[in-house]
Amino acid sequence: MGWAGIGTRGAAVAVAVAGPLLLLLLARPSPAATGDISKSDIRLVSEQFSQSPQKLSFYSWYGSARLFHFRVPPDTILLRWLLQVSQGGDPTCAKVEITVYFRYGAPPVINPLGTSFPANTSMQPSFLIKMLQSNASINISHPAPGDWFVAAHLPPSSQKIEVKGFIPTCAYIFQPDMQVVRVVEVSILEPNTPFPQTLLSHPSYLKIFVPEYTQELLLELQGCVSNRSLGCPVHLTVGSATLPSNFQKVLTCTDPTQTCRLLLPSPPWDRWLQVTAKSLAGPHVLVAFSTVASLTAERLVLLSVCRPWIINFHHLLQNSPNQSRNTSNGLLPPRPGYQDLGRSSTVGGGPFCLLSYQVMREDMDVVSVHFRPLDRVSVLVQSDMPSVMRLHLNTGMDSGGSLTISLWANKSVISNNTLVKVCVNAASPFLSFNTSLNCITAFFQGYPLSLSTLSRKANLIIPYPETDSWYLSLQLVCLQSPEECEKSSVLVETTLSLVPCLNDCGPYGQCLLLRRHGYLYAGCSCKAGWRGWSCTDNSTAQTVAQQRMAVLLLTLSNLMFLAPIALSVYRCLLVEASVYAYTMFFSTFYHACDQPGEAVLCILNYDTLQYCDFLGSGVSIWVTILCMARLKAALKYVLLLLGTLVFAMSLQLDRRGAWNMMGPCLFAFVVMVTMWVYRCGHRRHCYPTSWQRWVFYLLPGISMATVAISIYASMMTSGNYYYTHSIWHMLLAGSTAFLLPPRDKHTEPWACSQKLTCHYQICKNHQEELYTVT
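Predicted model, so just to flag it, every value in this text is computed and none were measured.

Parameters and conventions
- Residues numbered from 1 in each chain as written.
- Predicted model: local features only at pLDDT ≥ 70, side-chain atom pairs only at ≥ 80, totals over all residues.
- Heavy atoms only, no water.
- Core = buried A, V, L, I, M, F, W, Y, C linked by side-chain atoms within 4.5 Å.
- Buried < 20%, exposed > 50% of the residue type's maximum accessible area, 1.4 Å probe, protein only.
- Helix = DSSP H or I, 4+ residues; strand = E, 2+ residues; numbered from the N terminus.
- Contact = heavy atoms within 4.5 Å.
- 1 Å grid on protein atoms, 1.4 Å probe; cavity = no way out; pocket = protein on both sides within 12 Å on 5 of 7 lines; lining within 4 Å.
- Points joined across faces, edges and corners; volume = space filled by probe spheres on them.
- Nonpolar A, V, L, I, M, F, W, Y, C, P; charged D, E, K, R; others polar.
- pLDDT = per-residue confidence, 0-100.
- Polar contact = N/O pair within 3.5 Å; in protein donor to acceptor, adjacent residues only side chain to side chain.
- Patch = residues over 30% accessible without salt bridge, like charges linked within 9 Å, V, L, I, M, F, W, Y side chains within 5 Å.
- Areas by Shrake-Rupley, 256 points an atom, 1.4 Å probe, with all protein chains shown as cover.
- Salt bridge = Lys/Arg side-chain N within 4 Å of Asp/Glu carboxyl O.
- Pairing = 2+ DSSP bridges.
- Arc of directions from axis to C-beta.
- Axes fitted to C-alpha atoms, helices over the stretch in contact; angles between N-to-C directions.
- Parallel < 35°, antiparallel > 145°, perpendicular 65-115°, else oblique.
- Left-handed = near helix turned anticlockwise from the far one by under 90°.
- Phe/Tyr/Trp six-rings, centres within 6.5 Å; stacked < 30°, edge-to-face > 60°.
- Lys NZ or Arg CZ within 6 Å of the ring centre and 35° of its normal.

A. Fine view of the nonpolar core. By size, the foremost hydrophobic cluster in this structure holds 47 residues, and its most contacted members are Trp 622, Val 623 and Leu 626. Contributing elements (two or more residues each) for this core: α3 (544-556), α5 (574-593), α6 (606-629), α7 (633-653), α8 (658-683), α9 (691-714) and α10 (721-739). In terms of residue count, α6 provides more of this core than any other element does, 13 residues in total. Setting aside its immediate chain neighbours within four residues, Leu 626 contacts Leu 631, Leu 639, Leu 640 and Ala 668. Residues Leu 393, Leu 403, Phe 444 and Leu 472 belong to the second largest nonpolar core, which totals 36 residues.

B. Spotlight on empty space enclosed by the protein. The final tally for this structure, using the stated rule, is 3 cavities of 30 Å³ or more. By volume, the largest cavity is sized at about 100 Å³. Secondary-structure elements contributing two or more residues to the lining of the largest cavity are β8 (98-104) and β33 (457-463). Considering only residue class, the lining of the largest cavity consists of 10 nonpolar, 3 polar and 1 charged. Computed from the structure, the second largest cavity encloses a volume of approximately 70 Å³. Around the second largest cavity sit Asp 75, Thr 76, Ile 77, His 142, Val 183, Val 186, Tyr 205, Leu 206, Lys 207, Gln 274, Val 275 and Thr 276, which together line it. Sorting the residues of the lining of the second largest cavity by element identifies β7 (76-89), β15 (204-210) and β21 (271-279) as the ones contributing at least two each. Taken together, the residues that form the lining of the second largest cavity break down as 6 nonpolar, 4 polar and 2 charged.

C. Seen up close, the confidence of the model for the protein chain. Residue-level pLDDT values for the protein chain average 80, and 80% of them are 70 or greater. Of all the helices and strands in the protein chain, strand β1 (residues 8-9) carries the lowest mean pLDDT, 30, while strand β6 (residues 66-72) carries the highest, 95. Segment residues 290-304 is flagged for pLDDT under 50; beyond a separation of four residues in sequence, or across chains, it makes 61 contacts in the model. This stretch, residues 313-350, has a pLDDT under 50; its non-local contacts, to residues over four places away or in other chains, come to 66 contacts.

D. Structural detail: the side chain of Ser 726. Note that Ser 726 resides in helix α10. For Ser 726, a relative accessible area of 3% puts it in the buried group. Among the polar contacts made by the side chain of Ser 726, one reaches the main-chain amide nitrogen of Leu 554 at a distance of 3.4 Å. In this view, Ser 726 contacts Leu 553, Leu 554, Ser 557 and Tyr 721; residues no more than four positions away in its chain are not counted.

E. Structural detail: a nonpolar patch on the surface. Together, Met 549, Leu 553, Met 560, Tyr 723, Ile 727 and Met 730 line one region of the surface with nonpolar side chains, adding up to about 510 Å² of accessible area. Elements that contribute at least two residues to the nonpolar patch include exactly α3 and α10. Looking at the nonpolar patch element by element, the count peaks at 3 residues for α10. By the element assignment, Met 549 lies in helix α3. Accessibility expressed as a relative area gives 47% for Met 549, which makes it partly exposed.

F. View of the pairing of strand β10 (residues 136-141). Burial of β10 is extensive: 6 of the 6 residues sit out of reach of the surface. By the alternation rule, side chains of β10 split into Ala 136, Ile 138 and Ile 140 and Ser 137, Asn 139 and Ser 141, which are all buried. Note that β7 and β10 share 6 bridges and pair antiparallel. Along β10, the bridge assignment pairs Leu 78 with Ser 141.

G. Structural context of helix α4 (residues 562-570). Of all the residues in α4, the buried ones are Pro 564, Ile 565 and Ser 568. In an axial view of α4, the angular spread of the buried residues amounts to 105 degrees, which keeps them on one side of the axis. Count one or two residues on from α4 and you reach Cys 572, which has phi positive near 65 degrees.

H. Examining the packing of α7 against α8 more closely. At their nearest, the axes of α7 and α8 sit 9 Å apart, and the two run at 160 degrees to each other. Classified by the angle between their axes, α7 and α8 sit roughly antiparallel to one another. Crossing of α7 against α8: the hand is right-handed. When α7 is examined against α8, the residues Val 646, Phe 647 and Ser 650 are found in contact with a partner set consisting of Asn 660, Met 661, Pro 664 and Cys 665. Of the residues in the contact of α7 with α8, the class split is 5 nonpolar, 2 polar and no charged.

I. Local environment of the side chain of Ser 64. As for its placement among the helices and strands, Ser 64 is situated in the loop between β5 (58-59) and β6. The residues contacting Ser 64, other than those within four sequence positions of it, are Ser 57, Phe 58, Tyr 59 and His 153.

J. The packing of aromatic side chains, seen in detail. Tallied over the full model, the rule gives 31 aromatic pairs. With a centroid separation of 5.8 Å and an interplanar angle of 40 degrees, the aromatic rings of Trp 81 and Phe 102 are classed as tilted. Placement of Trp 81 in strand β7 and of Phe 102 in strand β8 is noted, with a sequence separation of 21 residues between them. Residue Phe 102 is classed as buried on the basis of its relative accessible area of 1%. Pairing Tyr 447 with Trp 470 gives two aromatic rings, centres 6.3 Å apart and planes at 20 degrees, and the pair type is stacked. Taken together, the residues span a long stretch of sequence, with Tyr 447 in strand β32 (residues 447-451) and Trp 470 in strand β34 (residues 468-478) at a distance of 23 residues. Of the two residues examined, Tyr 447 and Trp 470, each falls in the buried class. Members of the aromatic cluster, joined through ring pairs, are Tyr 62, Phe 117, Phe 149, Tyr 464, Tyr 519, Tyr 521 and Trp 533. In this structure, Lys 207 is placed above the aromatic ring of Trp 272, and the distance from its NZ or CZ to the ring centre is 4.7 Å.

K. Main features of unusual backbone geometry. The linkage connecting Leu 243 with the following residue, Pro 244, adopts the cis geometry, with an omega of 10 degrees. Take Pro 244: it is sitting in the loop between β18 (234-238) and β19 (248-253).

L. Representation of the pattern of salt bridges within the structure. A full pass over the atoms with the stated rule returns 10 salt bridges. One salt bridge connects Asp 468 with Arg 271, and the closest N-O pair in it is separated by 2.6 Å. Linking Asp 468 in strand β34 with Arg 271 in strand β21, this pair joins segments that are 197 residues apart in sequence. In this structure, Asp 607 and Arg 655 form a salt bridge, with 2.9 Å as the shortest nitrogen-oxygen distance. Residue Asp 607 is found in helix α6, and its partner Arg 655 is found in the loop between α7 and α8; the two are separated by 48 residues along the sequence. With a relative accessible area of 41%, Asp 607 lands in the partly exposed category.

Rendered as structure tokens:
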């Protein structure tokens, strides 16, 4: 991939934003490629890192994606991802498309379903590739050191509810490996000190440390000569590559008469900046940087460092000793120590260029942090220099939440001619409000906000912020005459926090804490048709009336079990009646608790209700089939008890497995068919003997059971679950009522209920007594 240029200044000097060198190989990657690079240069070493593979899932929410966390070592010049996909399970499984995301500093923010984000949410498009069940590799040149994240998932899941055991079991295993090539000998550039360099066949790797409060960084190329070409055939790459956005700078100089330089406003503070010099003249052409006079050199680095005026509680007391202040309300004097903060001030030997407010970090919980100024006051915003607040989000565990920023300015202190501009940046603050308002620093595109008389509040949400120090910069800007702003100031109240989920995912979502090895991150699991990053997308949401209708359908449909309960009691089948009553009770309250919306009623723990519902459904089918077999009482009750125990064990092993329920039921069906065949052979007549029994009871019952199984196994989706599952309830209860065997001819109706009453009975002995006559 070539460099993506953003503009040039003349034909000789090109300054561009460099895209990362990405190479996608659809064939099986060769791990030896990075080793060949390191062998060609003794300054380079290669290393490889791997993580355990994970089984991919079809995407429905962020928890469906499988996350991998890697750390790229410093001084890395080449990063190669080796992506391996394998298929397990049934060989008839079809090939599916796998989506893989990459991001530096935080987990990738993805949106495969195309849902909407909450208001005031700012996000960057994710860098992704799509691949089938084949291996691939991706190369990234000059990657940024630190945290890198890879996420992968299968296509969005279909809304069909599939029964485990009725479909082929397909497993797609994904494993990324990371290979890096890093430099062990890196030259260090010292500020304001020329550094002679000679290039031949190998590039030169340099780095410079950018201290805190650096305002600008100037890289200058001078005195460049080559033995076989004119001009300066040198290609400079400044900075590191990041994804999804990349702000690497490229400097190419070809005109020997023109000075080649690169100015970087607000470079990343308190870190090393990589610089790579490569010759463009060929493998055997010598390129040298000659010095000019005493200061010229191959590369001249100039640092412009500003001095911060740190605002804290002690400064406020010193600057306003005779002023009273209400700290509980967070009020500041209009201009604390303004006479010392002007641009002409040279306290300590240098001008002040920013107001630095010290911020305290208060950890509340996992991925939950509050930020506030030390003295609990508002931020004073002026026109001559920006006010800066630093947010420490560099613990390595802060990138798994959402950074929320809320600003509020008093209406009485903002005039119609003034505007408070705000920039939120990572690595370094934006300080050039007087020349630009685009919030762009050397290697980061900031997030702009503004406060005015028309909009006194501003909010910003950044999901999964990068692991770094974040800066909030504010400055007062005049729209018409800048002279009116020279003595103006505005107090801005701030609410800064890091939360796992925005608004705790709202009333129709659940904030879940996810884990990958030792890394924790949060995501929202939505319900009731709500979707989106924070469950705020109501495009497919259910109304309250629809939710109540769903509850009524799923619960009241269980009243159909009153028919088999009444018939069982009528025919003196008390065990069967008790099982049906158990199933009706727990199925009703399980579905009342299983609802995703507001109409929810849970009388017991959800897991307990689900287990009892599944157990009752399986045992109901078991006792019905055994009852149709017309076994002897002792054998019947033994099988009833054993079957119930087997159901309890199998549901504990796998509650969703279809064969855990079908296995015992098929065994009971075999027992029933065996008994029927035995009676047919013994009586020399078909069993049951009555054709009315077949036509009016067995065939309707079998038909209803067949339709119920078909709906349960192949027709249920997330959209039609409420009425298809209700139909399943009614058909199952109806088929049970039709399939129950008739009562014995010698048993009176409701005879069992009569035995439960307390009264005397006269017992008759119908057995004839035999006497021996001698």
